[in-house]
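# Per-entry structural report
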Amino acid sequence: MPTNDSELQIQARRILDEIAFIPFEQCQPLSRGFENIPPRPGIYAIRHRTDGLLYIGKTKSLRGCFSGGHKAFLWAWLDKYDDEDVRIAMQLISHWESPALLLELEAIILRATEPPYNVQIPTEM
């Protein structure tokens, strides 16, 4: 678990690299029950094949986050994206017991990427 701002920045960059640069074909395709997505804590990205990152978030249960529906999928549908061109990239997080840490990790990643479907990007403190 990161103990200072420098370590936090390094971990945020590592997570961002994982979710942004994993080949699109290795991301999880959309499905009805999202059975291939673990019910574990993580940071995730909704990605488009050519347009890149659409949304970034964190959750206590990756599968639960998607199986109940997700607003990014509605926005992608409204933008007329083909469902074959939208996938989920994720990074499991082991230290969910530190919500402040996860909020800061998510904020760093959001500020670095500014995905179009994230309506609120936290400002730097």
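Scroll up a little and you will see the structure.
Below you will find a few notes about this structure. (Residues numbered from 1 in each chain as written. Predicted model: local features only at pLDDT ≥ 70, side-chain atom pairs only at ≥ 80, totals over all residues. Heavy atoms only, no water.)

So, about the pattern of salt bridges. According to the stated counting rule, one finds five salt bridges in the structure shown. The partner of Arg49 in a salt bridge is Asp85, and the shortest N-O contact between them spans 2.7 Å. Of this pair, Arg49 sits in the loop between strand 2 (42-48) and strand 3 (52-59) while Asp85 sits in the loop between helix 3 (71-78) and strand 4 (86-92), placing them 36 residues apart in sequence. For Arg49, a relative accessible area of 39% translates into the label partly exposed. The shortest N-O distance in the salt bridge between Lys58 and Glu106 comes to 3.3 Å. Linking Lys58 in strand 3 with Glu106 in helix 4 (residues 99-113), this pair joins segments that are 48 residues apart in sequence. Among the residues examined, Glu106 registers a relative accessible area of 13% and is labelled buried. Salt bridges here are not isolated pairs; linked through shared partners, they connect Glu25, Arg49 and Asp85. (Salt bridge = Lys/Arg side-chain N within 4 Å of Asp/Glu carboxyl O. Helix = DSSP H or I, 4+ residues; strand = E, 2+ residues; numbered from the N terminus. Buried < 20%, exposed > 50% of the residue type's maximum accessible area, 1.4 Å probe, protein only.)

This part takes up the pairing of strand 2. Looking along a regular strand, one sees side chains alternate from face to face of the sheet. Across the seven residues of strand 2, seven count as buried, placing the element largely inside the fold. A loop of three residues connects strand 2 with strand 3, the two strands running antiparallel in sequence. (Pairing = 2+ DSSP bridges.)

In this section: the sheet that holds strand 2. Here we have four strands laid out as an open sheet, ordered 1-4-2-3, and antiparallel in their pairing. The sheet is open, and its two edges are formed by strand 1 (28-29) and strand 3, each paired on a single side. Bridge count between strand 1 and strand 4: two bridges; the pairing is antiparallel. Looking across to strand 4, one finds that Pro29 is bridged to Arg87.

One pass over the full model with this rule turns up six aromatic pairs. Taking the centre distance of 6.0 Å and the plane angle of 5° together, the rings of Phe34 and Phe73 count as stacked. Within this pair, whereas Phe34 is found in the loop between strand 1 and strand 2, its partner Phe73 is found in helix 3, the two being separated by 39 residues in sequence. According to the relative accessible area criterion, Phe73 is buried, its value standing at 17%. With a centroid separation of 5.5 Å and an interplanar angle of 75°, the aromatic rings of Trp75 and Tyr117 are classed as edge-to-face. Taken together, the residues span a long stretch of sequence, with Trp75 in helix 3 and Tyr117 in the segment after helix 4 at a distance of 42 residues. On the basis of relative accessibility, which here comes to 7%, the residue Tyr117 falls in the buried class. Aromatic ring contacts, followed pair by pair, group Phe34, Tyr44, Tyr55, Phe66 and Phe73 into a single cluster. (Phe/Tyr/Trp six-rings, centres within 6.5 Å; stacked < 30°, edge-to-face > 60°.)

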